[in-house]
Amino acid sequence: MTGAASQAYGEAWYWDERYRKEPGPFDWYQKYPALAPLLRLYVRPHQRLLLVGCGNSVFGENMVQDGYQDVVNIDISSVVIEQMKKKYHDKPQLKYTKMDVRNMSDFESGSFDAVIDKGTLDSIMCGQNSQEHAAKMLGEVNRILNDKGVYIMITYGDPSYRLNLLKDLQFWTVKLHVIADRWERSSKKTWDLTEPLPLQDDSTSIINLLGPKPDVHYIYVCIKENDSARVDLKAEVNEQNYS
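Quick look at the structure, then. All values derive from a computational prediction rather than experimental measurement.

Here's the deal with the overall build of the chain
Phase 1 of the analysis: Helix and strand counts for the chain stand at 10 helices and seven strands.
Phase 2 of the analysis: In the chain, 73% of the contacts between residues at least 6 apart in sequence involve partners at least 24 apart.

Right, here's the structure in full:
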């Protein structure tokens, strides 16, 4: 990947051109069967969920086949959204909308139970003004999630790159899971996908556990905290400070 290409990952024109040339289905990072056991822990079939940066993935189709009933998909590319609308016109459980994840104003606040992100934040982090755009995206994700809603991010970003970004916003409680980035690769150690790893503010604990440069995808499960509870806690702390 060239530097110019990576910087264009946040631009609609780049993806429009790519999907015109590569209309066939493609799943970034992980396919649904591999992630299904983890998703079932955090997302119920009747809940409303959003797949951001859906591209031409069959992930949403696989979720519907597995019993999920309301799967909304967004992508910045109008080309791929039109392709997917035509492909799934007969599946009312799947909805496709052109939208920039950094501005999801068409969605009401608190209108989703879960947001699933396979590489979308990673693509934004490859572009210019990455910190600013990442903060906008995460702020919008937090806004559209209801209380106790969950943001599930699959990424190559280890905790030293992603944990502070997620925790500094103080939106959610963060759990970390890992999965091998290629099923065919052998590993000296396998990890139970459904068991979160011990996650401390210091990312060295994960490095010590997994070793340097492990062949894994990191999965951050961010559970939105109740806004009113956070306000009550802040008020209680302030009262204790001034009493």
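Anyway, onward from the coordinates.
Focus on empty space enclosed by the protein
The rolling of a water-molecule-sized probe over the atoms marks out the regions of remaining empty space.
Phase 1 of the analysis: Taken as a whole and assessed by the stated rule, the structure comprises one cavity of 30 Å³ or more.
Phase 2 of the analysis: In this structure, the largest cavity encloses a volume near 130 Å³.
Phase 3 of the analysis: Of all the secondary-structure elements, those providing two or more residues to the lining of the largest cavity are β1 (48–52), α4 (59–65) and β4 (112–118).
Phase 4 of the analysis: Counting residues per element, the lining of the largest cavity draws most heavily on β4, which supplies three residues.
Phase 5 of the analysis: Within the lining of the largest cavity, the residues separate by chemical class into six nonpolar, four polar and three charged.

Points about the environment of Ile219
Phase 1 of the analysis: Checked against the element boundaries, Ile219 lands in strand β7 (residues 216–224).
Phase 2 of the analysis: On the basis of relative accessible area, Ile219 is assigned to the buried category, the value being 0%.
Phase 3 of the analysis: Through-space distance from the C-alpha of Ile219 to that of Met153 is 5.5 Å; in sequence the pair is 66 residues apart.

A few points about the nonpolar core
Phase 1 of the analysis: Counting 38 residues, the largest nonpolar core has Leu39, Leu49, Met63 and Ile219 as the members making the most contacts within it.
Phase 2 of the analysis: Here this core takes seven residues from helix α3 (residues 32–42), the largest share from any one element.
Phase 3 of the analysis: Filtering out sequence-adjacent residues up to four positions away, Met63 remains in contact with Tyr32, Leu39, Leu49, Leu51, Tyr68, Val71 and Ile116.
Phase 4 of the analysis: If you look at the next biggest cluster of nonpolar residues, it comprises 37 residues, including Ala134, Leu138, Met153 and Tyr218.

Parameters at a glance
- Residues numbered from 1 in each chain as written.
- Predicted model: local features only at pLDDT ≥ 70, side-chain atom pairs only at ≥ 80, totals over all residues.
- Heavy atoms only, no water.
- Helix = DSSP H or I, 4+ residues; strand = E, 2+ residues; numbered from the N terminus.
- Contact = heavy atoms within 4.5 Å.
- 1 Å grid on protein atoms, 1.4 Å probe; cavity = no way out; pocket = protein on both sides within 12 Å on 5 of 7 lines; lining within 4 Å.
- Points joined across faces, edges and corners; volume = space filled by probe spheres on them.
- Nonpolar A, V, L, I, M, F, W, Y, C, P; charged D, E, K, R; others polar.
- Buried < 20%, exposed > 50% of the residue type's maximum accessible area, 1.4 Å probe, protein only.
- Core = buried A, V, L, I, M, F, W, Y, C linked by side-chain atoms within 4.5 Å.

Worth remembering: the numbers are spatial, not functional.
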